[in-house]
Amino acid sequence: MQNMLINFCHVTGWLLVVLSFLLIGFSKFKHAEFKQKLFSFLKIILVYQVTVSVWQWFIIGNIVANHQWLLLLAQILCSAICYLSVQRRKSKSRPSLDSFSMD
């Protein structure tokens, strides 16, 4: 039963990582609000991945056995890419002094 639950969490984790990469690729064509919502979604997935990793570490005693560290690394990479994209989008949308006229 435990092995089946661990395998389910592992498969779910990989599906979430694939979904994260697909959404990040899709977000290139979307606006800043979508990217901010995507970033909050990715934070929730990262919390899930960390929780499952800690849970597996307590049950199995070894995260390396299921390559759970790869899931964590991939999810952290997704979050970092999305964070940088959100910051870039915010800096582009801020008005500069050139946009103000002296009329």
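In what follows, the structure referred to is the one given above.
The rules behind these values
- Residues numbered from 1 in each chain as written.
- Predicted model: local features only at pLDDT ≥ 70, side-chain atom pairs only at ≥ 80, totals over all residues.
- Heavy atoms only, no water.
- 1 Å grid on protein atoms, 1.4 Å probe; cavity = no way out; pocket = protein on both sides within 12 Å on 5 of 7 lines; lining within 4 Å.
- Points joined across faces, edges and corners; volume = space filled by probe spheres on them.
- Helix = DSSP H or I, 4+ residues; strand = E, 2+ residues; numbered from the N terminus.
- Nonpolar A, V, L, I, M, F, W, Y, C, P; charged D, E, K, R; others polar.
- Contact = heavy atoms within 4.5 Å.
- Patch = residues over 30% accessible without salt bridge, like charges linked within 9 Å, V, L, I, M, F, W, Y side chains within 5 Å.
- Areas by Shrake-Rupley, 256 points an atom, 1.4 Å probe, with all protein chains shown as cover.
- Salt bridge = Lys/Arg side-chain N within 4 Å of Asp/Glu carboxyl O.
- Buried < 20%, exposed > 50% of the residue type's maximum accessible area, 1.4 Å probe, protein only.
- Phe/Tyr/Trp six-rings, centres within 6.5 Å; stacked < 30°, edge-to-face > 60°.
- Axes fitted to C-alpha atoms, helices over the stretch in contact; angles between N-to-C directions.
- Parallel < 35°, antiparallel > 145°, perpendicular 65-115°, else oblique.
- Left-handed = near helix turned anticlockwise from the far one by under 90°.

Some words on empty space enclosed by the protein
Here's step 1: Scanning the entire structure with this criterion turns up one cavity of 30 Å³ or more.
Here's step 2: Counted as a void, the largest cavity has a volume near 30 Å³.
Here's step 3: Top element by residues in the lining of the largest cavity is helix H3 (residues 68–93). It accounts for three residues.
Here's step 4: In terms of residue class, the lining of the largest cavity is built from three nonpolar, two polar and one charged.

Quick notes on the environment of Phe21
Here's step 1: The residue Phe21 is located in helix H1 (residues 2–26) in this model.
Here's step 2: Between the C-alpha atom of Phe21 and that of Ala74, which follows or precedes it by 53 residues, the distance is 9.1 Å.
Here's step 3: Once you skip the residues sitting within four places of it in the chain, Phe21 turns out to touch Ala74, Leu77 and Cys78.

With respect to the environment of Thr12
Here's step 1: Along the chain, Thr12 falls in helix H1.
Here's step 2: Along the backbone, Thr12 and Gln49 are 37 residues apart, and their C-alpha atoms lie at a distance of 9.5 Å.

Describing a nonpolar patch on the surface
Here's step 1: A surface patch of nonpolar side chains, about 370 Å² in accessible area, is lined by Trp14, Trp69, Leu70 and Leu73.
Here's step 2: Examining the composition of the nonpolar patch, we find that three residues originate from one element, H3, more than from any other.
Here's step 3: Within the secondary structure layout, Leu70 lies in helix H3.
Here's step 4: The class for Leu70 is partly exposed, based on a relative accessible area of 31%.

Observations concerning the packing of aromatic side chains
For any pair of aromatic rings, the description consists of the separation of the ring centres together with the inter-plane angle of the planes.
Here's step 1: The full count for this structure, using the stated rule, is three aromatic pairs.
Here's step 2: Ring centres of Phe26 and Phe34 lie 5.9 Å apart, and the angle between their planes is 85°; on these two criteria the pair is classed as edge-to-face.

A short note on the packing of H1 against helix H2 (residues 32–60)
Here's step 1: Contact geometry for H1 and H2: axes closest at 10 Å, N-to-C directions at 160°. Considered as vectors, H1 and H2 are oriented roughly antiparallel to each other. Crossing angle aside, the handedness with which H1 passes H2 is left-handed.
Here's step 2: In terms of residue class, the contact of H1 with H2 is built from 19 nonpolar, seven polar and no charged.

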